[in-house]
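Summary of the model geometry
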Amino acid sequence: MSGISYEDFLDLSYTPTETDLVCTFRIDPAEEMSMEAAASRVASESSNGTWAPLHIDDTFTDMGATTFAIDGDTIQVAYPSGLFEPGNMPQVLSCIAGNIMGMKAVDTIRLEDCEWPEAIVEGYPGPQFGSGVRREIFGVDDRPILATVPKPKVGLSTERHAEVGYEAWIGGVDLLKDDENLTDQSFNPYSDRLTESLAMRDEAEDETGEKKSYLVNVTAETNEMLERVDEAASLGNEYVMVDVVTCGWAAVQTVRERCEELGLAIHAHRAMHAAFDRLPDHGVSMRVIAQVARLCGVDQLHTGTVGLGKLANEDTVGINEWLRSELYGLNDVLPTASGGLHPGLVPQLMDAAGDNLCIQAGGGIHGHPDGTRAGAAALRQAVDSVTEDVPIEVYAQGHSELATALEKWGTETPR
Ligand code: CAP
Ligand code: MG
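Notes on the structure in this doc start here.

The rules behind these values
Residues numbered from 1 in each chain as written. Chains lettered and ligands numbered in written order. Predicted model: local features only at pLDDT ≥ 70, side-chain atom pairs only at ≥ 80, totals over all residues. Heavy atoms only, no water. Donors = N, O, S within 2.8 Å, 3.2 Å for Na, K, Ca; no water. Buried < 20%, exposed > 50% of the residue type's maximum accessible area, 1.4 Å probe, protein only. Helix = DSSP H or I, 4+ residues; strand = E, 2+ residues; numbered from the N terminus. Axes fitted to C-alpha atoms, helices over the stretch in contact; angles between N-to-C directions. Parallel < 35°, antiparallel > 145°, perpendicular 65-115°, else oblique. Contact = heavy atoms within 4.5 Å. Nonpolar A, V, L, I, M, F, W, Y, C, P; charged D, E, K, R; others polar. 1 Å grid on protein atoms, 1.4 Å probe; cavity = no way out; pocket = protein on both sides within 12 Å on 5 of 7 lines; lining within 4 Å. Points joined across faces, edges and corners; volume = space filled by probe spheres on them. Pairing = 2+ DSSP bridges.

This paragraph deals with the coordination of the magnesium ion (ligand 2). For the magnesium ion (ligand 2), the full set of protein donor atoms is Asp179 (OD) and Glu180 (OE), at a range of 2.2 to 2.3 Å. With relative accessibility at 21%, the residue Glu180 sits in the partly exposed group.

Put simply, Lys151 and Pro152 share a cis peptide bond, and its omega is 0 degrees. Mapped onto the elements, Pro152 comes out in the loop between strand E7 (145–148) and helix H5 (158–171). Not every positive phi belongs to a glycine, and Met272 is a case in point at roughly 90 degrees. The residue Met272 is located in the loop between strand E11 (265–269) and helix H10 (273–277) in this model. The class for Met272 is partly exposed, based on a relative accessible area of 46%.

This next bit is on the packing of helix H9 (residues 249–262) against helix H11 (residues 286–296). Running from N to C, H9 and H11 cross one another at 30 degrees; their axes reach a closest spacing of 9 Å. Taken together, H9 and H11 sit at an angle that is classed as roughly parallel. Contacts from Trp249, Val252, Gln253 and Arg256 in H9 reach Ile289, Val292, Ala293 and Cys296 in H11. In the contact of H9 with H11, the residues fall into six nonpolar, one polar and one charged.

Okay, the layout of surface pockets next. Any empty space left between the atoms is revealed when a probe the size of a water molecule rolls over them. Roughly 670 Å³ of volume is contained in the largest pocket. Forming the walls of the largest pocket are 36 residues, and the residues nearest its centre are Lys310, Leu311, Ser338, Gly339 and Gly340. Looking at the lining of the largest pocket, the elements with two or more residues in it are H10, strand E14 (334–338), strand E15 (358–361) and helix H14 (363–366). When residues of the lining of the largest pocket are assigned to their parent elements, the largest contribution, three residues, is made by H10. A breakdown of the residues in the lining of the largest pocket according to their chemical character gives 11 nonpolar, 15 polar and 10 charged. The space that makes up the second largest pocket amounts to roughly 320 Å³.

Ordered in space as E4-E5-E2-E6-E12, the five strands form an open sheet in which the pairing is mixed. Looking along the sheet, the strands with just one partner apiece sit at the ends: strand E4 (66–71) and strand E12 (283–284). As paired elements, strand E2 (residues 21–29) and strand E6 (residues 106–115) share eight bridges and run antiparallel to each other. Pairing of Ile27 across the sheet is with Ile109, part of E6.

The structure is reproduced here in structure tokens:
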């Protein structure tokens, strides 16, 4: 018989193996708790330890994690890959972002980053299309794809919602997007909305000669969600939208499988992420949420607006770079910039975030003084000004919709 104790999970001479999952945390130890003791408890509680010393015998498989680095308030923990069930994202998060978030040994703890080894990555499908949606669905690879969410976000009748979509598609956006608050309510039922919107989509395609598609929100209980996915595919749509944090990663994994069978792309909205990532010293960073989303296989993911829009953002550029980085052959994810965007912000956005993007605007299109169609045209013109390398104010001289948008909103962040 021997034992394990929560003090034994610290070894500053340990070098992670190539199969270890390495997690970086920032921690603030509780009063009278040393950094070393708190760091050791993080590794213990998130692997095979607990608050009390334990007895073990030789039938025990050691799946203990090791805190191997401490630098100021930053610690690094290596987890053996055998600790994790292959392909089970909820189980991974129960370990690395579970009980430790509430441990009294730390006042605050934030999971900042993960380095995912091939041994774990190979259990996940990754995105089916990733940024390939631009080329494969729209035949476009020299500009961001553009999306719009009708506003008011809820309360529009089905007919009105579809008309707003039509206006926006004709004006120049590629994608109509449901708001996350809109699923299957009586004022605008899912099936009716899907059918009517796709009929409008077909008209808009005929009139513009461009490919158009619909980010229809299927978010619901998992079985219900699968039925909605099936319906979207059977009516000839190319996408579904899933609110990935609120519906949970297990559900995302199930939807991803079905979408592979049906050839549908997944647009991931991220409502509730700020409950985890907004406090700078506690929770789970958006970077890690984005990593989880890529592993589980979403094709597009909201990652913020580089701080230009209406919502607080964390390191959009760094997250976008990670989403595009090589990850044992997994496809990349197309970042979606959204939240308070309008045409005047597009040059700054593309300067910081590039053109391999989806740009999504609600108020910045439907709030245009001349309505949705003009608003959509203005957003498209703003993108054209960047791709044609003409200053936006100059481009606006020959494009009245853009000129009106600039008069209204300038190039400022909205409040
Ligand atoms: C944008 C939006 C999106 C947010 C989500 C909204 O509308 O539809 O849900 O962008 O934020 O309801 O706020 P506006 P994020 O264009 O009218 O702001 O992308 O940061 O997850
Ligand atoms: Mg919304």
